[in-house]
Structure formats: C-alpha cells, structure tokens
Amino acid sequence: MRRGLVAVAAALVAVVGCGAEDDGDVIIDYEPAVTPYSGPLHIETEKVNEDTPEAMLLASGAAGRALECNGEMSRGGAPDGWGRGDGGRTPEDGLRLYFRMFEPGGILPKFKVEREETDRVLYTHRVHGRTKAAVVVAKDQEGRPGWGPETYASCDRARRASPTPAPMRSGPTGTADASQPRN
C-alpha cells in the first residue's frame, strides 16, 4: 500500500513539475533545414576549462556539430545540475527542462525536431533555414531517469533571432552566406 502511495505521489510531482501549461508550445514547424544534420546524435563530450570555440565544440557533442554558424560558436556544453526526479516523460519535457534550468530568461526561440532516435532527439532553432541553436535531449542518462538535456550549442546571434524564417539574403557575390560544414 505504501509503495502505491509513493508511486502515485511521484507521478503527480512529475506531471505538475513538467510545466507544460506554463511554458506553452516549445516546438513549431517551419522551413526545413537547408542541410539537415546527418551525423550521430550521441558523441562523447569532453570537460573543458576554456570558452574557445574549439573547446565548446568538444564539450557540446552532437549539438555543436549540428550548428551552421556564419561565424564561431558562442555557447556549447553538456548541462549538469539536474538529476533523479528532474527528467520528463517526453522529449519535449526534456527540452523544457533545459530552458528552465539553463536559460534564466525562459524559452526564447521556437525549436523544431530535426532528428529523432529511440533515446535521443535533436531540437534546433533556425534562422534563414540554417541551424543557429541546438539542444540534444536524451532518455535515461546515467543517474538521470526520464528525458533531459544532454548537450547544447548556439551561434553568436541565436538568442536574438526571430523564430520565423526570413528570406535568404545574398552576399556581395550574389550567393547565400557560407556556413561551417555539418557532419
């Protein structure tokens, strides 16, 4: 009997804690990526002690490799600070957790599911069809049951970008701006 009450209480905490009603929709469908990320969603990350673009790429796993920056990556890493009891029931809950814990300003841009696997989902925010912010959420990470953020990365202007894509602009040669290659 006591086990049943504990299970019911835990379920209520999980449902109330996910905050789906408070956060509104996190996902929106809009223009597909010009070059969708096709690399692995699970890439081992390294702990780094510097904020250089090279170090952030090592720390950000697949999220960093999914970016299409015109310049350098400005943020990237593997979130820490969440654990047992924080994970969500769905991948979207995992993305909401990322914003609640690691983006104090709340959910800024709308994200799109760019790629799904059984235990990982790549969410991206695009500007002019190019990925400027990415978050990989994973299910049942070590010591972290449920869905939660695994890696994140963004380009320098991703936080200020509009979630509604605008037409591509041409550079001085009449071609679209180049971006870093994606795997």
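Only a predicted model underlies this, so the values are computations on that prediction, with no experimental measurement involved. (Residues numbered from 1 in each chain as written. Predicted model: local features only at pLDDT ≥ 70, side-chain atom pairs only at ≥ 80, totals over all residues. Heavy atoms only, no water.)

Position of Ala66 among the secondary structure elements: in helix H3 (residues 53-66). Taking the C-alpha atoms as reference, Ala66 lies 8.1 Å from Pro36; in sequence the two are 30 residues apart. (Helix = DSSP H or I, 4+ residues; strand = E, 2+ residues; numbered from the N terminus.)

Backbone geometry at His128 places phi at a positive 55°, although glycine is not the residue there. Along the chain, His128 falls in the loop between strand S3 (120-127) and strand S4 (130-141). Phi at Asp140 is positive, roughly 55°, even though this residue is not glycine. Residue placement: Asp140 occurs in strand S4.

Another aspect to go through is the environment of Trp147. Within the secondary structure, Trp147 is located in strand S5 (residues 144-155). Overall, the relative accessible area of 6% leaves Trp147 in the buried class. Counting along the chain gives 51 residues from Trp147 to Arg96, while the straight-line C-alpha distance between them is 10.0 Å. (Buried < 20%, exposed > 50% of the residue type's maximum accessible area, 1.4 Å probe, protein only.)

A word on the pattern of salt bridges. Side-chain pairing between opposite charges can occur once the charged atoms of the two side chains come close. If you walk through the whole model with that rule in mind, you get seven salt bridges. Between Glu114 and Arg126 there is a salt bridge, and its shortest N-O distance comes to 2.7 Å. You can see Glu114 sitting in strand S2 (residues 112-116) and its partner Arg126 sitting in strand S3, a full twelve residues away along the chain. Residue Glu114 is classed as buried on the basis of its relative accessible area of 15%. Two residues, Arg120 and Asp119, come together in a salt bridge whose shortest N-O distance is 3.1 Å. Exposure remark for Asp119: the relative accessible area of 32% places this residue in the partly exposed category. Three or more residues joined by partner-sharing salt bridges are found here, namely Glu92, Asp93 and Arg96. (Salt bridge = Lys/Arg side-chain N within 4 Å of Asp/Glu carboxyl O.)

In this section: the state of the cysteines. Evaluation of the coordinates by the stated rule reveals one disulfide. Across a sulfur-sulfur distance of 2.0 Å, Cys69 and Cys155 are joined as a disulfide pair. In this structure the cystine formed by Cys69 and Cys155 twists about its S-S bond by roughly -90°; its chirality is therefore left-handed. Placement of Cys69 in the loop between H3 and strand S1 (73-77) and of Cys155 in strand S5 is noted, with a sequence separation of 86 residues between them. Both residues of the pair, Cys69 and Cys155, count as buried. (Disulfide = S-S within 2.5 Å.)

Our next topic: the confidence of the model for the protein. In the predicted model, the protein carries a mean pLDDT of 74, and the fraction of residues at 70 or more is 64%. Per-element averaging of pLDDT across the protein places helix H1 (residues 2-17) at the bottom with 38 and H3 at the top with 95. Note that pLDDT drops below 50 for residues 1-22; the model gives that stretch nine contacts with residues more than four away or on any other chain. Under a pLDDT of 50 for its full length, residues 158-181 has, in the predicted model, 40 contacts with residues more than four places off or in other chains. (pLDDT = per-residue confidence, 0-100. Contact = heavy atoms within 4.5 Å.)

Between its terminal C-alpha atoms helix H4 (residues 91-102) stretches 16 Å, which fits the 16 Å expected from twelve residues at 1.5 Å a residue. Of all the positions in H4, only Asp93, Gly94, Leu95, Arg96, Leu97, Tyr98 and Phe99 are classed as buried. (Expected span 1.5 Å × (residues − 1).)

With that settled, the discussion passes to the environment of Leu95. With respect to the element layout, Leu95 can be found in helix H4. With relative accessibility at 0%, the residue Leu95 sits in the buried group. Considered as a pair, Leu95 and Glu150 are 55 residues apart in the sequence and their alpha carbons are 9.8 Å apart.

Ordered in space as S1-S5-S4-S3-S2, the five strands form an open sheet in which the pairing is antiparallel. Each edge of the open sheet is held by one strand with a lone partner, namely S1 and S2. Mean inter-strand twist for the sheet, computed between neighbouring axes without regard to direction, equals 25°. Of the pairings in the sheet, the one linking S4 to S5 comprises eight bridges and is antiparallel in character. Bridging from a neighbouring strand, Ala133 pairs with Ser154 of S5. (Pairing = 2+ DSSP bridges. Axes fitted to C-alpha atoms, helices over the stretch in contact; angles between N-to-C directions.)

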